[in-house]
Amino acid sequence: MRNWTRRAFLIGAGTSTVAASLPSCAINASRAPQGLSEAAMSVTPVIQSSELEKPNLTLGYVPVNDCAPFAIAWEKGFFRKYGLNVQLSREASWATSRDGLIFGRLDAAPVVAGAVTNARVGAEGARHAPMCAGMTIHHHGNAMTMNRAMWESGLRPWSAYNGNLDTFGQDFRQYFDNLPSEQRVWAVVLSSSIYEYFVRYVAAAAGVNPLKEFRVIIVPPPQMVTNVRIGAMQGYMVAEPWNTRAISGNEGIGFTFAQGREIWNGHPDRLLAVMQSFIDENPKTYRALLKAMIEACRYCDQNREEVAQIISARSYTGANVKFTRPAIVGDYNYGGFDGKNRTVKSDSTTMFFDMPKDVPHVKDEHSTFMWQSRSLWLMTQAARWGQIKEIPKDADQIAAKSWRTDIYREVAAELGIACPTEDYKRVVGK
């Protein structure tokens, strides 16, 4: 068994409980942006604050590339345009972002895709909470990182396997079989994240039992690289820039096995969540918030180089632009330890609004629209992996209450944006 020092244990977070406790000191909330930019101040509001029930809002964000729409809405004045006086709160982890909503500290915040319905059904004994989401903040923008030892054992990026799950499964199992049980660890950002479901899904598809052959723990994004470096875990799945940091940062500790879009092309990632009471008590304010965020997402799509620069600021990711840029502009390096260039260019590396041609989509679909059928899929995964006993009998009603496509369509119409008229895609990801 590894001889842990006290410091290594605290950093490494050998259990999910310890890992979840680290973020409180990992992120300094005072680094959130203060004071509007000149560009924002020059924007003329189309809605006056006096017209809104609650114009003064506290919104959470997490310091990963996902924060781009929040940064843009703040820096470019989209919040101001719609009469909102926003205070941004820099959250330590996806758990604090979610819990900030549930306990009333935040008015709105990004959450992982499964968090909304999992809160509704109390998955894994979580606090039951009537959480809702009205839009997707972005799709894709994430990846699975494996450590250098996994490379040296023979594992390679998924594309090298040419779809051969058997060969990948043999390589994957062989690596973990040679490790002591306490080191057979993979990390994700939250138990209800699509990342956890992807890690378990890929392993199971390759014939590896993710409940018995390795453990999945919860670690906040800023702790991922450090934990792999000290050997507390072998790999992780997280949003950018924390995969690129493992490749081109001074650590050089890992390589990208696969981007999430290679597992499910078109999958949702983060949702903009609020509590049901916020919608009920502040209908005008909620719609103004959705408009600001939809416009911010569209700006992100059209100005990617600028966005990569903006979110690299200390107030947002605090990462060098060489780390934030690849996934934003679609110039992504998978890394490796053989000197080969594995850079892949794609318009769908991160999707904020438009749907690129290489992503299956329907007429009038864009990235900020949510499909309730995907909410159902997330509930099936929660049941598959034991987070809930069974798929709720009223799952379709839960999806309708929590993924508010009705309000989104109303807001989109006011913005002149066409969107799908149905709530269900016939086939997930198609």
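Above this text is the structure in question.
Residues numbered from 1 in each chain as written. Predicted model: local features only at pLDDT ≥ 70, side-chain atom pairs only at ≥ 80, totals over all residues. Heavy atoms only, no water.

## Looking at the nonpolar core
Phase 1: With 80 residues, the main nonpolar core has F168, F172 and W186 as its most contacted residues.
Phase 2: At seven residues, the largest contribution of residues to this core is made by helix α11 (residues 194–205).
Phase 3: Core analysis: the next-biggest nonpolar cluster, separate from the first, contains 55 residues, A108, I279, I328 and Y408 among them. (Core = buried A, V, L, I, M, F, W, Y, C linked by side-chain atoms within 4.5 Å. Buried < 20%, exposed > 50% of the residue type's maximum accessible area, 1.4 Å probe, protein only. Helix = DSSP H or I, 4+ residues; strand = E, 2+ residues; numbered from the N terminus.)

## Re the pattern of salt bridges
Phase 1: Counted by the stated rule, this structure contains 20 salt bridges.
Phase 2: A salt bridge links E196 to R200, with the nearest nitrogen and oxygen atoms 3.0 Å apart. Within this pair, E196 and its partner R200 are both found in helix α11, separated by four residues, close to a single helical turn. The pair E196 / R200 is uniform in exposure class, with both members buried. (Salt bridge = Lys/Arg side-chain N within 4 Å of Asp/Glu carboxyl O.)

## Focus on the sheet that holds strand β6 (residues 185–188)
Phase 1: Spatially, the five strands line up as an open sheet ordered β7-β6-β8-β5-β9, and their pairing is mixed. The sheet is open, and its two borders are formed by β7 (215–218) and β9 (254–259), each paired with just one other strand. For this sheet, the mean angle separating the axes of adjacent strands, direction not counted, is 25°.
Phase 2: On top of the sheet, α11 reaches β5 (142–147), β6, β7, β8 (235–239) and β9; it is set at about 140° to β8, its chief contact. (Pairing = 2+ DSSP bridges. Axes fitted to C-alpha atoms, helices over the stretch in contact; angles between N-to-C directions. Contact = heavy atoms within 4.5 Å.)

## Structural notes on helix α17 (residues 304–311)
Phase 1: Residues of α17 that are buried: R304, V307, A308, I310 and I311. Buried residues along α17 cover an arc of 165° about the axis, so they all sit on one side.
Phase 2: The secondary structure elements touched by the buried residues of α17 are α5 (68–75), α16 (283–302), α18 (321–329) and β13 (350–351). (Arc of directions from axis to C-beta.)

## Remarks on the pairing of β5
Phase 1: Among the six residues in β5, six count as buried, and that is most of the element.
Phase 2: Because side chains alternate across β5, one face comprises the buried residues N142, M144 and M146, and the other comprises A143, T145 and N147, equally buried.
Phase 3: Both β5 and β8 contribute to a ladder of five bridges, which runs antiparallel. Each bridged residue has a counterpart across the sheet, and for M146 the counterpart in β8 is G235.
Phase 4: Pairing of β5 with β9 involves five bridges; the strand directions are antiparallel. Paired with N147 across the two strands is G254, which belongs to β9.

## Considerations on the packing of aromatic side chains
Phase 1: The tally for this structure, following the rule as stated, stands at 21 aromatic pairs.
Phase 2: Aromatic ring contacts, followed pair by pair, group W158, Y161, F168, F172, Y175, F176, W186, F214 and F257 into a single cluster.
Phase 3: The ring of W151 has R156 lying over it, and the distance from NZ or CZ to the ring centre is 3.7 Å.
Phase 4: Sitting above the plane of the W94 ring, R270 keeps its charged end 3.9 Å from the centroid. (Phe/Tyr/Trp six-rings, centres within 6.5 Å; stacked < 30°, edge-to-face > 60°. Lys NZ or Arg CZ within 6 Å of the ring centre and 35° of its normal.)

## A closer look at the environment of V64
Phase 1: Relative to the helices and strands, V64 resides in the loop between β1 (56–61) and α5.
Phase 2: Residue V64 is classed as buried on the basis of its relative accessible area of 0%.
Phase 3: Distance in space between the C-alpha atoms of V64 and S93 is 9.9 Å, their sequence separation being 29 residues.
Phase 4: Excluding anything up to four places from it in sequence, V64 contacts W94, P221, A239, E240, P241, W242 and T317.

## Focus: the side chain of N243
Phase 1: Position of N243 among the secondary structure elements: in the loop between β8 and α13 (244–248).
Phase 2: You can call N243 buried: its relative accessible area is 0%.

## Some thoughts on empty space enclosed by the protein
Phase 1: Tallied over the entire structure, the rule returns one cavity of 30 Å³ or more.
Phase 2: Considering only enclosed or pocket space, the largest cavity measures out at about 60 Å³ in volume.
Phase 3: In terms of lining, the largest cavity is formed by M144, M146, F168, F172, W186, V199, V202, A203, F214 and F257.
Phase 4: Secondary-structure elements contributing two or more residues to the lining of the largest cavity are β5, α10 (165–177) and α11.
Phase 5: If you tally residues by element for the lining of the largest cavity, the top one is α11, at three residues.
Phase 6: In terms of residue class, the lining of the largest cavity is built from ten nonpolar, no polar and no charged. (1 Å grid on protein atoms, 1.4 Å probe; cavity = no way out; pocket = protein on both sides within 12 Å on 5 of 7 lines; lining within 4 Å. Points joined across faces, edges and corners; volume = space filled by probe spheres on them. Nonpolar A, V, L, I, M, F, W, Y, C, P; charged D, E, K, R; others polar.)

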